[in-house]
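If you want the building blocks of each chain, they are given just below.
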Amino acid sequence: KSCRWLWNQQAEDGGWHSQHYGLLKSGQAYTPFILHTLLEVPESICPRPAGAVERALQFIRRNTNAAGVIGMSDPDVLEYPNYSTAYALLCFLKIDPTDPLVGRMADYLRRQQYRETRGFPDDHPAHGGWGFGGTLSDGQPGHMDLAHTRRVLQALNAADRLHRDAGQAAERFLRLVQRHPTCQR
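Each value, and the rule that gives it
Residues numbered from 1 in each chain as written. Predicted model: local features only at pLDDT ≥ 70, side-chain atom pairs only at ≥ 80, totals over all residues. Heavy atoms only, no water. Core = buried A, V, L, I, M, F, W, Y, C linked by side-chain atoms within 4.5 Å. Buried < 20%, exposed > 50% of the residue type's maximum accessible area, 1.4 Å probe, protein only. Helix = DSSP H or I, 4+ residues; strand = E, 2+ residues; numbered from the N terminus. Contact = heavy atoms within 4.5 Å. Salt bridge = Lys/Arg side-chain N within 4 Å of Asp/Glu carboxyl O. Axes fitted to C-alpha atoms, helices over the stretch in contact; angles between N-to-C directions. Parallel < 35°, antiparallel > 145°, perpendicular 65-115°, else oblique. Left-handed = near helix turned anticlockwise from the far one by under 90°.

Caption draft 1: Structural detail: the nonpolar core. Counting residues in each nonpolar core, the largest one holds 36 residues, and the members touching the most others are Trp 7, Leu 35, Leu 89 and Leu 109. Looking at this core, the elements that each hand over two or more residues are α1 (2–8), α2 (30–39), α3 (52–62), α4 (81–95), α5 (101–111) and α6 (146–158). Here this core takes seven residues from α4, the largest share from any one element. Setting aside residues up to four positions removed in sequence, Leu 109 forms contacts with Asn 82, Thr 85, Ala 86, Leu 89, Trp 130, Val 152, Ala 155 and Leu 156.

Below you can see the structure in the form of structure tokens.
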């Protein structure tokens, strides 16, 4: 019932839009998240409506910029660019892994990791993690949490684009924020 209800909420433009939260009304964050969730449900349990997946993918394509980022269509209101792009990447990997956006999305996500090249030296507490995304100045982490880091790591791993050094830096970051007993920071 839940899946059918979600499919019935898909708008004519192919996206899902919040009816309550202004930040999520454009559908840039909701659509990849909901589509990914629905793609995880076997069709034997909940068949996908004809054309619904392709309409959702078209919505994502229309709202993804040249750099492979979804969630930045409105320069004044960012819709969780790293989180949204990670979910969009997972959707494409499941449905159309040859789509040209796959490489651009993965490259964008890799560049978003807080590393030396972004102004986060090895001893910075945010080093190795991912944040909200967007256009923050180097060395400024802005909002960050485990959810952004987790989703980006999952997407890059699924795309086979998680380089060893990036994974090691992320592992160090995760040990720090989880107060892992082996953390040396």
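Having put the structure on the table, let's press on.
Caption draft 2: Expanded view of the environment of Leu 39. Assignment of secondary structure puts Leu 39 in helix α2. Measuring from C-alpha to C-alpha, the distance between Leu 39 and Pro 121 comes to 38 Å, with 82 residues separating the pair along the chain.

Caption draft 3: View of the pattern of salt bridges. Under the counting rule described, the total for this entry stands at 11 salt bridges. Glu 40 is the partner of Lys 94 in a salt bridge, and the nearest nitrogen-oxygen pair spans 3.6 Å. With Lys 94 in helix α4 and Glu 40 in the loop between α2 and α3, this pair connects stretches of sequence that are 54 residues apart. The partly exposed category is assigned to Lys 94, whose relative accessible area is 43%. You can call Glu 40 partly exposed: its relative accessible area is 46%. Residue Asp 107 pairs with Arg 110 through a salt bridge whose shortest N-O separation is 3.1 Å. One end of the pair is Asp 107 and the other is Arg 110, both in helix α5 and three residues apart, which spans about a single turn. Shared partners join several salt bridges into a network, and the residues in it are Glu 54, Arg 61, Asp 96 and Asp 99.

Caption draft 4: View of the packing of α3 against α4. Between α3 and α4, the shortest axis-to-axis distance is 11 Å and the interhelical angle comes to 135°. As judged from the angle between their axes, α3 and α4 are oblique. Judged by the sense of rotation from one axis to the other, the crossing of α3 with α4 is left-handed. Where α3 abuts α4, its residues Val 53, Leu 57, Ile 60 and Arg 61 lie against Ala 88, Cys 91, Phe 92 and Ile 95.

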